[in-house]
Amino acid sequence: MKSLFTPYNLAGRRLANHIAMAPMTRSRTPDTIPHEDTALYYAQRAGAGLIVSECIAVSPEAMSSIATPGLWTQDQIRGWKKVTDAVHKEDGVIFAQIWHAGRASHSDIQPGKAAPVSSTDKTLKDDLFRVVTGLENGQPKIVSPSQPRGLKTEEMPRISREFAQAAENAIRAGFDGVEIHGANGYLFEQFLNPNINDRSDCYGGSVENRVRFLVETLQAVADRVGPSRVGVRLSPFSTRLDNPHYESIAETYILLGRALSRMGLAYVHFNSEMLPSGERAIPESFLRLFRAAFSGTIILAGSLDRAEAERLMSQGGGFVGGLIDIASFGRPFIANPDLVERLRNGWPLAIADPAVFFGGGSKGYTDFKPYEVPVDPAKAEGPATALGRRAEQLRRAAHRVEERRRREARAASAAPSAPAAPPALTARPTPEALPAPKPAVAKKPEPVKVAAVKAPEPPKAVPAKPEPVKVAAVKAPEPPKAAPVKPEPVKPAAVKAPEPPKAVPAKPEPVKAEVKAPEPPKAVPAKPEPVKPAEVKAPEPPKAVPVKPEPVKAEVKAAVATPEPQKVESVKPDPQNVDSKPVEAPKPAVAPSQPPKAPDPVVLKPAVSPRLVPESVRPASREVPFVAGMVPPAGMPAAPAPRVPVAPAAPAAPKSGKSGKAAKGGKSGRKK
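Let us look at the structure shown here. Note that the structure is predicted; figures quoted are calculated from it, not measured. (Residues numbered from 1 in each chain as written. Predicted model: local features only at pLDDT ≥ 70, side-chain atom pairs only at ≥ 80, totals over all residues. Heavy atoms only, no water.)

## Overview of the overall build of the protein chain
Short version of the rule: Put simply, DSSP H or I for four residues or longer makes a helix, DSSP E for two residues or longer makes a strand, and each gets a number counted from the N terminus. Note on areas: Shrake-Rupley with a 1.4 Å probe; residue coverage comes only from the protein chains shown.
Per the secondary structure count, the protein chain includes 13 helices and 14 strands. Surface summary for the protein chain: the accessible area is close to 33,600 Å², and the carbon and sulfur share equals 55%.

## Some remarks on the packing of aromatic side chains
Ring pairs (aromatic) are described by centroid distance and by the angle formed between their planes. The following threshold applies: By convention, a stacked pair of Phe, Tyr or Trp rings (six-membered ring in the case of Trp) has centres within 6.5 Å and planes under 30 degrees apart, an edge-to-face pair has planes over 60 apart, and any other such pair is tilted. Throughout this description, buried means an accessible area under 20% of the type-specific maximum (1.4 Å probe, protein chains only), exposed means over 50%, and partly exposed covers the range between.
A complete count under the given rule lists 17 aromatic pairs for this structure. Residues Trp80 and Phe175 carry aromatic rings whose centres are separated by 5.5 Å and whose planes lie at 55 degrees to one another, so their mutual orientation is tilted. Taken together, the residues span a long stretch of sequence, with Trp80 in helix α2 (residues 74-89) and Phe175 in the loop between α3 (156-172) and β10 (177-181) at a distance of 95 residues. Taking the relative accessible area as the measure of exposure, Trp80 reaches 0% and is therefore buried. The exposure class of Phe175 is buried, given its relative accessible area of 3%. Summarising the aromatic geometry, the rings of Phe270 and Phe286 are spaced 5.9 Å apart at their centres and angled 75 degrees between planes, so their arrangement reads as edge-to-face. You can see Phe270 sitting in strand β12 (residues 267-271) and its partner Phe286 sitting in helix α8 (residues 284-293), a full 16 residues away along the chain. The class of Phe270 is buried, set by a relative accessible area of 0%. Taken together, the aromatic side chains of Tyr41, Tyr42, Trp80, Phe175 and Tyr365 make up a single cluster linked through ring pairs.

## Notes on the sheet that holds strand β4 (residues 50-57)
Keep this limit in mind: Here, strands pair whenever DSSP counts at least two bridges between them. Under this scheme, a helix contributes an axis fitted over its contacting stretch, all axes are lines through C-alpha atoms, and angles between N-to-C directions fall in the 0 to 180 degree range.
Spatially, β3-β4-β5-β10-β11-β12-β13-β14 is the arrangement adopted by the eight strands of the closed barrel, whose pairing is parallel. Going across the sheet, the axis of each strand differs from the next one's by a mean of 25 degrees, ignoring polarity.

## As for the pattern of salt bridges
Threshold: Salt bridges are identified by distance alone: a Lys or Arg side-chain nitrogen within 4 Å of an Asp or Glu carboxyl oxygen.
For the coordinates displayed, the defined rule picks out 20 salt bridges. A salt bridge links Asp242 to Arg103, with the shortest nitrogen-to-oxygen separation between them at 3.8 Å. Residue Asp242 is located in the loop between β11 (230-234) and α7 (249-263), and its partner Arg103 is located in the loop between β5 (94-99) and β6 (117-118); the two are separated by 139 residues in the primary sequence. Linking Glu308 and Arg280 is a salt bridge whose minimum nitrogen-to-oxygen distance equals 3.4 Å.

## Remarks on the packing of α7 against α8
Counted only if it meets this: Angle categories: roughly parallel below 35 degrees, roughly antiparallel above 145, roughly perpendicular from 65 to 115, and oblique for all the rest. By definition, turning the near helix anticlockwise from the far helix through less than a right angle yields a left-handed crossing, and turning it clockwise yields a right-handed one. Note on definitions: a residue-residue contact is assigned when non-hydrogen atoms from the two residues lie within 4.5 Å.
The geometry of α7 relative to α8 is characterised by a closest axis approach of 8 Å and an angle of 30 degrees between their N-to-C directions. For the element pair α7 / α8, the angle class is roughly parallel. Crossing of α7 over α8 shows right-handed handedness. Listed contacts from α8 to Ala250, Tyr253, Ile254, Gly257, Arg258 and Ser261 of α7 are Phe286, Leu289, Phe290 and Ala293.

## Points about the pairing of β10
The buried fraction of β10 amounts to five of the five residues, a majority that puts the element mostly inside the structure. A two-sided burial pattern is seen for β10, the buried positions comprising Gly177, Glu179 and His181 on one face and Val178 and Ile180 on the other. Note: β5 against β10, four bridges, orientation parallel. The residue of β10 that forms the bridge with Gln97 is Glu179. In terms of strand pairing, β10 meets β11 through four bridges, oriented parallel. Following the sheet pairing, Val178 is matched in β11 by Val230.

## Examining the environment of Val58
With respect to the secondary-structure elements, Val58 resides in the loop between β4 and α2. Relative accessible area serves as the criterion here: at 5%, Val58 is assigned to the buried category. Through-space distance from the C-alpha of Val58 to that of Ile98 is 6.1 Å; in sequence the pair is 40 residues apart. For Val58, the contacting residues outside a window of four places in its chain are Trp72, Ile98, Trp99, Glu162, Phe163 and Ala166.

## Observations concerning the nonpolar core
How we decide: Only buried residues count toward a nonpolar core, which is a set of Ala, Val, Leu, Ile, Met, Phe, Trp, Tyr and Cys residues joined through side-chain atoms within 4.5 Å.
With 100 residues, the main nonpolar core has Ile180 and Phe270 as its most contacted residues. If we ignore the near neighbours within four places in the chain, the residues touching Ile180 are Ile98, Phe163, Phe188, Leu214, Leu218, Val221, Val230, Gly231, Val232 and Arg233. Formed by twelve residues, the second largest nonpolar core is a distinct cluster that contains Leu10, Leu15, Ala20 and Val52.

## Points about the pairing of β11
Each regular strand carries side chains that alternate between the two faces of the sheet. Spelled out, the test is: Handedness of a crossover is defined as follows: with both strands directed away from the viewer, a clockwise route from the first strand across the helix to the second makes it right-handed.
Counted residue by residue, β11 has five buried out of five residues, so it is predominantly covered. Residues of β11 alternate between two faces, with Val230, Val232 and Leu234 on one and Gly231 and Arg233 on the opposite face, all of them buried. Tracing the backbone out of β11, into α7 and back to the parallel element β12 gives a crossover that is right-handed.

## A few points about the side chain of Ser118
Note on placement: Ser118 falls in strand β6. The class of Ser118 is buried, set by a relative accessible area of 0%. In this structure Ser118 touches Arg103, Pro148, Arg149, Gly150, Leu151, Leu187, Gln190, Phe191 and Arg199, once residues within four positions along its chain are discounted.

So this is what it looks like as structure tokens:
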């Protein structure tokens with residue numbers, strides 16, 4: 001379901017939402033010039049995505065009643081400039097609806113008291129429509145429309161030019177675009193309806209001739225200000241102002257829609273009145289046909305609410321854009337200047353008094369207020385409201401200040417002699433006035449104390465656990481006992497590497513391997529000895545005794561991965577080991593270790609493991625008189641604890657098997 005409250009792109013112009021304020025006659029400009037109240041009225045309703053102004057006459061001949069604005073003089077342009085500036089200041093978009101009433105007028109308000117013009121000379125007969133021609137004894141003079149005269153064929157271009165000039169004046173006045181009023185029984189619809197249009201020239205008869213006048217005028221306006229700034233209002237199936245139905249209604253407007261689509265107009269604004277039966281004048285089936293004929297934006301007005309508007313926006317009938325694109329609201333905007341927010345939040349709508357719809361001053365015009373959300377008194381007094389929360393913050397701050405003063409007073413009174421300075425927020429007691437230890441001194445967090453962990457020497461050395469392998473000597477494949485090696489043939493002794501790497505065997509290849517001590521990285525050659533299990537005894541820490549095999553054609557590859565950041569621990573000499581002097585073993589000795597990511601040499605572990613020491617300890621650091629019965633003119637619509645590193649598991653003797661190649665005949669050692 002589409003939403004009314006998302007932005008919309010109207011012919012390249014961004015609208016804040018899919019809501020339009022429909023044009024509504026308010027008859028509050030007695031001199032036809034907008035004023036400050038007009039500007040305020042429209043600015044108050046700038047929350048609508050699009051505002052379409054009340055109908056604005058393109059010439060004195062186009063007037064239908066007094067007190068309606070125009071757009072043919074410079075004073076009128078300046079008056080409308082105040083309006084558009086006020087709307088734009090509120091980030092609104094406003095189009096001017098320019099209009100010619102046709103026969104819906106009276107000769108008393110026509111220039112030179114001439115007859116109104118139309119497509120016919122038949123008088124408009126509608127008991128619900130009256131024309132206000134002026135004031136009589138201080139009250140509006142209300143009369144029925146007078147008999148019109150049919151426009152001559154040569155006069156038609158003049159009317160089109162007047163619309164084009166009015167559109168240009170509207171753009172000069174700051175309007176974002178113009179809407180041509182072709183609905184509600186006014187001049188253009190008097191040409192569209194064959195029951196009214198009884199002409200025999202090129203503007204009457206066939207459907208193509210009857211739509212010609214409106215199409216020519218729209219083209220003249222589009223040529224003057226650009227098609228993306230032009231819209232048109234239509235009301236098919238409407239019977240207002242003596243405008244009876246005819247058989248070719250749908251055919252007439254579908255043909256018109258195709259012509260408008262070729263022009264590239266911004267939108268078509270339909271007025272669909274609510275019929276006594278409860279149905280809208282424009283059926284949805286017609287909207288589907290027109291959607292196929294017209295490619296621009298479709299706006300619909302006529303007793304909509306939020307749910308119905310969003311339903312029509314979402315029911316595409318096979319069209320991506322839905323049946324309509326924008327929902328237009330008229331009378332609800334009179335008493336609800338904040339209609340958009342009321343619809344958004346489901347707030348109730350205010351109802352305007354029809355007696356103030358037309359004429360008058362600011363009452364019923366600009367005096368409507370936005371909706372005020374009722375506040376629960378119980379909640380208003382509690383800390384849940386902004387005022388309550390602020391009061392609670394101030395109360396707590398005052399309490400903290402008072403508590404601080406009390407502590408300082410107690411500290412001062414605790415001094416045995418020498419009167420202390422009066423307690424104040426900025427005063428600091430002297431050391432003599434305070435008992436020892438000072439209460440103000442914060443104790444160090446418990447996890448920060450290093451005394452709980454005894455550090456051996458060197459402090460950063462991380463010893464390996466003696467379990468599960470005792471490292472008194474390099475032992476044979478079956479831990480923990482050393483297996484003797486026979487001289488002929490000699491099989492490689494398997495050394496169990498510490499986890500995560502698994503045991504790797506050494507290839508029986510004659511190599512010379514040395515065990516290189518961590519410091520200094522020099523290999524000590526080993527002397528040959530009789531075939532016996534090789535035992536390595538560390539000389540003096542931190543040097544380890546390497547073993548270099550000579551006569552034995554075997555290579556032992558040890559892949560030892562040292563967990564980071566583990567350091568090599570020096571070994572103590574064991575009484576059970578052989579002398580520190582170089583010895584020659586019949587089998588290859590363990591290969592030297594590599595940097596942290598490479599294998600380390602097998603090192604001897606101390607018999608007794610010292611206590612672990614953490615590397616670091618990080619502390620939890622805007623008047624026209626009005627008479628009752630007046631008929632409206634048509635168109636009215638917290639820090640973590642210190643981490644103590646866990647000592648890595650001691651390396652175990654690897655199982656026998658294949659392993660990567662050891663450095664052949666070369667020296668290897670830890671990278672610095």
